[in-house]
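If you want the building blocks of each chain, they are given just below.
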Amino acid sequence: MSFLRLFFTLFLSVLCLSGIYLTEALKGSGFSFELIHRDSPKSPFYNLKETPFERLRNATRRSFKHANRFDRKSLSNLSAAGDQADIISDGGEYLMNISIGTPPFPILAIADTGSDLIWTQCKPCIFCYMQQAPLFDPQNSYTYKDVSCYSGQCASLESSVCLAWFGHDSCLYSVSYGDGSFSNGKLGTDTITVSSTNGSAVPLPNIVFGCGHNDLGTFDAKATGIVGLGGGDNSLISQMGDSIDGKFSYCLVPIVSSNNDSISSKINFGSNAVVSGSGVVSTPLVAKDPETYYLLTLKAISVGNKSIPFLGSSFGTTEGNIVIDSGTTLALMPQEFNSRLVLEVSKSIDAAPVQDPEGTFDLCYIADSNFEPPVITVHFSGADVKLSSLNTFVPVSEKVVCFTFKGVEGSAIYGNLVQANFLIGYDTQKQIVSFKPIDCANE
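Residues numbered from 1 in each chain as written. Predicted model: local features only at pLDDT ≥ 70, side-chain atom pairs only at ≥ 80, totals over all residues. Heavy atoms only, no water.

Tallying each qualifying case throughout the model produces five salt bridges. Between Asp146 and Lys186 there is a salt bridge, and its shortest N-O distance comes to 3.7 Å. Residue Asp146 is located in strand 6 (residues 145-146), and its partner Lys186 is located in strand 9 (residues 182-195); the two are separated by 40 residues in the primary sequence. Note on Asp146: relative accessible area 36%, which makes it partly exposed. (Salt bridge = Lys/Arg side-chain N within 4 Å of Asp/Glu carboxyl O. Helix = DSSP H or I, 4+ residues; strand = E, 2+ residues; numbered from the N terminus. Buried < 20%, exposed > 50% of the residue type's maximum accessible area, 1.4 Å probe, protein only.)

Encoded structure:
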């Protein structure tokens, strides 16, 4: 055996052992890292020439595209079309810096609580969208392995093909999106490394991901993949599983506050993700098919002392009737319910509404010293979440503020504007979501 081969053999042995010890070490501990809003100065999508109001407008436009994934007709066709058939490819609002392989290869990926599979473009990539950053080459990673098409990991994908020849086999994946975009490639495992907010690198061994070799559509050249944070088997959350006790949380800094432009939001795992203390309320997570989406039960929304019962959405009339999603900007509600909500809010404000010049928002007012929005409380099953005025009205110009709840056809989505300045914790083992009001910029 040559010295070089012996070195690599010893190196891989140490690495495998360190991965085992790491997984054990993560149990009972925790870590956190940055969630970068795509319109913040830390993002490659940042446009210095845009005003904060223009960035908010752009985010709301993306919000409607992003929400198409949750169309109930689309959900019923998932089994025929693949496990992520109706996700808009570039609709995510937050980015994550991760690395894949050994040595670590940096990836800037869209963090998506509404999808599962982690994937990035890989060499060789003949039929791929143009990407500014270099492509990941699995042959350069000492820890990369193909996933066998006979494995449970391959079987868990609804859209996969087995490719076997001369004693070798590979699991080929295919994901398509509602706008016609798609990613096809080979399923593999490798070490994914994340940079913790305390400065340390946290390697996560043997994570299943897609190595895209045929990826076309509306993907942006500045992003290099997607990190699925949904509830399905192949998401990053599910794959970390017991090592984080099924716990993650995030604290979203308000995107409309100019003082917070350079402050990133955070996502926490394991013990760091525990939401406790004064003011915490919790509501059950409701399991439905597909498992990707985090569904809650909305009972009513109160405007002051006036309660408006929620009669249901395209997800159903009782349990699991609303999705909580960090990739959608607005709080989207069925049209009839939102009309009643808007009516009660307008009754409680001593001012005349004004038209939104672009027709996006359902209710707007002149922002002056006399404007005083009502207290709005969202009543989930077992949890009353009291929103601040920052959650319910956002500035869309120098003089106009608009209501963050928007009427749409059928859907109910609890978007990121109403989640801002709450520490929101997901416990996938106990099947609960917890809310704690907090200043996320100082968390």
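Right, let's talk about the packing of aromatic side chains for a bit. One pass over the structure, following the stated rule, counts 19 aromatic pairs. Relative to Phe435, the ring of Phe380 has its centre 5.6 Å away and its plane inclined at 10 degrees; by these criteria the two rings are stacked. Taken together, the residues span a long stretch of sequence, with Phe380 in strand 21 (residues 376-380) and Phe435 in strand 28 (residues 432-437) at a distance of 55 residues. Classification of Phe380 as buried rests on a relative accessible area of 3%. The rings of Tyr365, Phe371, Phe393, Phe403 and Phe405 are connected pair by pair, giving a single aromatic cluster. The aromatic ring of Phe45 is capped on one face by Arg38, whose charged end is 4.3 Å from the ring centroid. (Phe/Tyr/Trp six-rings, centres within 6.5 Å; stacked < 30°, edge-to-face > 60°. Lys NZ or Arg CZ within 6 Å of the ring centre and 35° of its normal.)

All right, on to the nonpolar core then. Counting 70 residues, the largest nonpolar core has Phe380, Tyr414 and Phe435 as its most contacted members. At five residues, the largest contribution of residues to this core is made by strand 10 (residues 201-216). Counting residues in hydrophobic clusters, the runner-up holds 20 residues, among them Ile36, Trp119, Leu157 and Tyr173. (Core = buried A, V, L, I, M, F, W, Y, C linked by side-chain atoms within 4.5 Å.)

This paragraph deals with the pairing of strand 24 (residues 400-403). Where strand 20 (residues 364-366) meets strand 24, three bridges bridge the pair, whose relative direction is antiparallel. What sits directly across from Ile366, in strand 24, is Val400. Strand direction decides the pairing type here: strand 23 (residues 393-395) and strand 24, joined by three bridges, are antiparallel. Across the sheet, residue Phe393 finds its bridge partner in strand 24, namely Phe403. Counted along the chain from strand 23 to the antiparallel partner strand 24, the turn is four residues long. (Pairing = 2+ DSSP bridges.)

Before going further, it helps to examine the state of the cysteines. One covalent bond between the sulfur atoms of two cysteine residues makes up a disulfide. Counting across every chain of the model gives five disulfides. Note that Cys125 is cross-linked by a disulfide to Cys128, the S-S spacing being 1.5 Å. Because the sign of the S-S torsion sets the handedness, a value of about -65 degrees for the bond joining Cys125 and Cys128 places this disulfide among the left-handed ones. We classify Cys125 as buried; its relative accessible area is 18%. The disulfide that involves Cys364 links it to Cys402, with 2.0 Å between the sulfurs. Handedness here is read from the sign of the S-S torsion; for Cys364 and Cys402, about 105 degrees, the answer is right-handed. Of this pair, Cys364 sits in strand 20 while Cys402 sits in strand 24; the two residues are 38 residues apart in sequence, bridging distant segments of the chain. On the basis of relative accessibility, which here comes to 1%, the residue Cys364 falls in the buried class. (Disulfide = S-S within 2.5 Å.)

Attention now goes to the sheet that holds strand 20. One open sheet accounts for three strands, arranged 20-24-23; its pairing is antiparallel. The sheet is open, and its two borders are formed by strand 20 and strand 23, each paired with just one other strand. The sheet shows a mean angle of 30 degrees between the axes of neighbouring strands, taken without regard to direction. (Axes fitted to C-alpha atoms, helices over the stretch in contact; angles between N-to-C directions.)

Helix length check: helix 7 (residues 335-347), at 13 residues, gives a terminal C-alpha distance of 18 Å against a target of 18 Å (1.5 Å per residue), a fit within 8%. For helix 7, the complete set of buried residues consists of Phe337, Asn338, Leu341, Val342, Glu344 and Val345. Down the axis, helix 7 shows its buried residues gathered within 165 degrees of arc, on one side only. Opposite its buried face, helix 7 presents the exposed residues Glu336 and Lys347, each directed more than 90 degrees away. (Expected span 1.5 Å × (residues − 1). Arc of directions from axis to C-beta.)

This part covers the pairing of strand 27 (residues 422-427). Across the six residues that make up strand 27, a large majority, six, are buried. Residues Phe422, Ile424 and Tyr426 point to one face of strand 27 and Leu423, Gly425 and Asp427 to the other, with burial holding for every one of them. Two elements, strand 12 (residues 247-251) and strand 27, share five bridges in a ladder whose sense is antiparallel. Bridging across to strand 27, Cys251 finds its partner in Leu423. Inspection of the sheet shows strand 27 paired to strand 28 by six bridges, in the antiparallel sense. Within strand 28, the position partnered with Phe422 by the bridge is Pro437.

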